[in-house]
Amino acid sequence: MEQELALFQQLSKKLMQAEKQEPVLEPIEADQLFNTLDLRLGEEGENEEDFSRALEALVLNTPRTATHQFFNQLFGGRNGKAVLGDLLAVLLNNSMYTYKVAGPMVGVEKEIIRHMKNLLGYPATADGTIAPGGSMTNLMAMIMGRDAHNEKIKSDGVSQKMTLYTSNESHYSIPKNAAFMGVGRKQLRYVKSDKFGRMDVADLEAQIKADLEKGKQPFFVNATAGTTVMGAFDPIQEISAIAKKYNLWLHIDGAYCGAVLFSKKHKHLIKGAELADSFSMNAHKMLATPLTCSIIIAKNKKYLYDSFSNDADYLYQTDGDDYNLGKTSLQCGRRNDALKFWTLWKAVGTKGLGEMVDHQFHLAEVARQYVENHPDYTVYSYPESVGICFNYKDIPADELCNRLYEKGELMVGFGQFKDEQFVRLVTVNAGNEEEDIKAFFEKMEAFAEEEILETSS
Ligand SMILES: *Cc1c(COP(=O)(O)O)cnc(C)c1O
């Protein structure tokens, strides 16, 4: 192992140097990939030298998500403390299902959950777990909602037409999960959103009523805290009133921006979170842990056990359910995604996590003011969102983003809201400062002038 650790150190040094010199790579074209890099797996193993060379080429040619110029997704940057936690988790290689195998790591996860449920204002009955991504924590919430509606479904299967509700701006995992859980995509109702991208609560109630009249069984509503494109926050209190009235499970999908929970300044965006039945958040988005770290908290742990526990004599042999985390998990073997969030949290404190969130909103404000004050920009987003949506000089957003990518200039994506397509600049990159946002616009504008506007005129 010492040899591999030495190689690791060598490769990480090279990578970090390369990231400084060339923050964005010119991509290898997909159809050239296997001609460009040595990815072949052979009958015989490779000698150390060839092995290291192949590995180095692979590492140095992989898209660089940790640099200051990565704006493409809802994550980015590299937090040293969180990376340290994850590296140790790999080295230790525990599985989180039992106390016997995970030991104190169970406490690491439980402490995260305990603290988060307090911040949410959930009662002592609440409990949670970590799953591989926000799509999966949404699935867990939907399954709990299904089983809470009718506990027989676990044994008998779905036989009624059950309906569920989410806004048309919500994440695509909701329809996908509706299919997985046997309820069916067609039973999902898309609720209209207002001009900010927030759920229209009157439309929610109208659709529930229409379904009841047709003899359907509404059971679940998803509210999004930070919609994937606009970064909008659905009005939780109003949605909760409807959910209570019609007896629906209310889940808050905070995968993107649920981390406002940690910010004194921005927590009001999820006002009423304590009214929901479950809440999920990705620490790998706004909170800079390596992928993935997705936490779900259920207000009543009974539902977690009801939907996810299964007897297994060969596994659960000691220590009781509270410390055997497999009893509330979607999985059997489960990697330790808690430690990286714990090392970060331990190092910066709850206050520090809040400051990370505040900083991202501040960067978004810097970006918003920039585009609003420059006549060459059309702006589509609203305050209190960490995604700034705009177009520059009427250049089609897909063309601009794809050309920037192909030329290895900037990694930024485009999105769509209502009938408009635009560049979506996301300011959640953990290492970024104001000057990185300014540098983004400078680079993008220079590129647009030289490569797109010049050549087309
Ligand atoms: C990113 C995101 C998800 C999915 O999370 P993954 O970890 O990528 O599976 C779900 N909902 C929202 C609102 C998101 O932004």
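Residues numbered from 1 in each chain as written. Predicted model: local features only at pLDDT ≥ 70, side-chain atom pairs only at ≥ 80, totals over all residues. Heavy atoms only, no water.

Undergrad: Quick question: what am I supposed to make of the pattern of salt bridges here?
TA: When their charged atoms lie close together, side chains carrying opposite charge are able to pair. Taken as a whole and judged by the stated rule, the model has 24 salt bridges. Linking Asp38 and Arg40 is a salt bridge whose minimum nitrogen-to-oxygen distance equals 3.3 Å. In this structure Asp38 comes out as partly exposed when scored by relative accessible area, which is 35%. What makes Arg40 exposed here is its relative accessible area of 69%. Across the salt bridge formed by Asp306 and Lys302, the nearest N and O atoms sit 2.6 Å from each other. On the criterion of helical spacing, the pair formed by Asp306 and Lys302 is a turn pair, its members being four residues apart in helix α12 (residues 301-308). On the basis of relative accessible area, Lys302 is assigned to the partly exposed category, the value being 41%. Several salt bridges share partner residues, and in doing so they unite Asp86, Arg335, Asp337 and Lys340 into one network. (Salt bridge = Lys/Arg side-chain N within 4 Å of Asp/Glu carboxyl O. Buried < 20%, exposed > 50% of the residue type's maximum accessible area, 1.4 Å probe, protein only. Helix = DSSP H or I, 4+ residues; strand = E, 2+ residues; numbered from the N terminus.)

Undergrad: I would appreciate a short explanation of helix α4 (residues 80-92) in the present structure.
TA: Because the α-helix completes a turn every 3.6 residues, residues three or four places apart line up on one side. Across its 13 residues, α4 extends 18 Å between first and last C-alpha, which sits within 8% of the 18 Å expected from 1.5 Å per residue. All buried positions along α4 are accounted for by Ala82, Gly85, Asp86 and Ala89. Take α4 and look down its axis: the buried residues cluster within an arc of 95°, on one side only. Exposed residues pointing more than 90 degrees away from the buried face of α4 are listed as Gly80 and Leu91. Looking at the buried positions of α4, the neighbouring elements they touch are α13 (338-372). At the N-terminal end of α4, a side-chain oxygen is found 3.0 Å from the backbone nitrogen of Lys81, two or three residues along, and the residue is Asn79. A positive backbone phi angle near 50° is found at Asn93, which sits one or two residues after α4. (Expected span 1.5 Å × (residues − 1). Arc of directions from axis to C-beta. Contact = heavy atoms within 4.5 Å. Polar contact = N/O pair within 3.5 Å; in protein donor to acceptor, adjacent residues only side chain to side chain.)

Undergrad: Just to check I follow, could you spell out the sheet that holds strand β4 (residues 188-191) for this structure?
TA: Strand pairing in a sheet relies on backbone hydrogen bonds. The paired strands run either parallel or antiparallel. With respect to topology, seven strands assemble into an open sheet ordered β2-β8-β7-β6-β5-β3-β4, the strand pairing being mixed. Each of the sheet's edge strands pairs with one partner strand only, and the pair in question is β2 (127-131) and β4. With direction set aside, neighbouring strand axes in the sheet form an average angle of 20°. (Pairing = 2+ DSSP bridges. Axes fitted to C-alpha atoms, helices over the stretch in contact; angles between N-to-C directions.)

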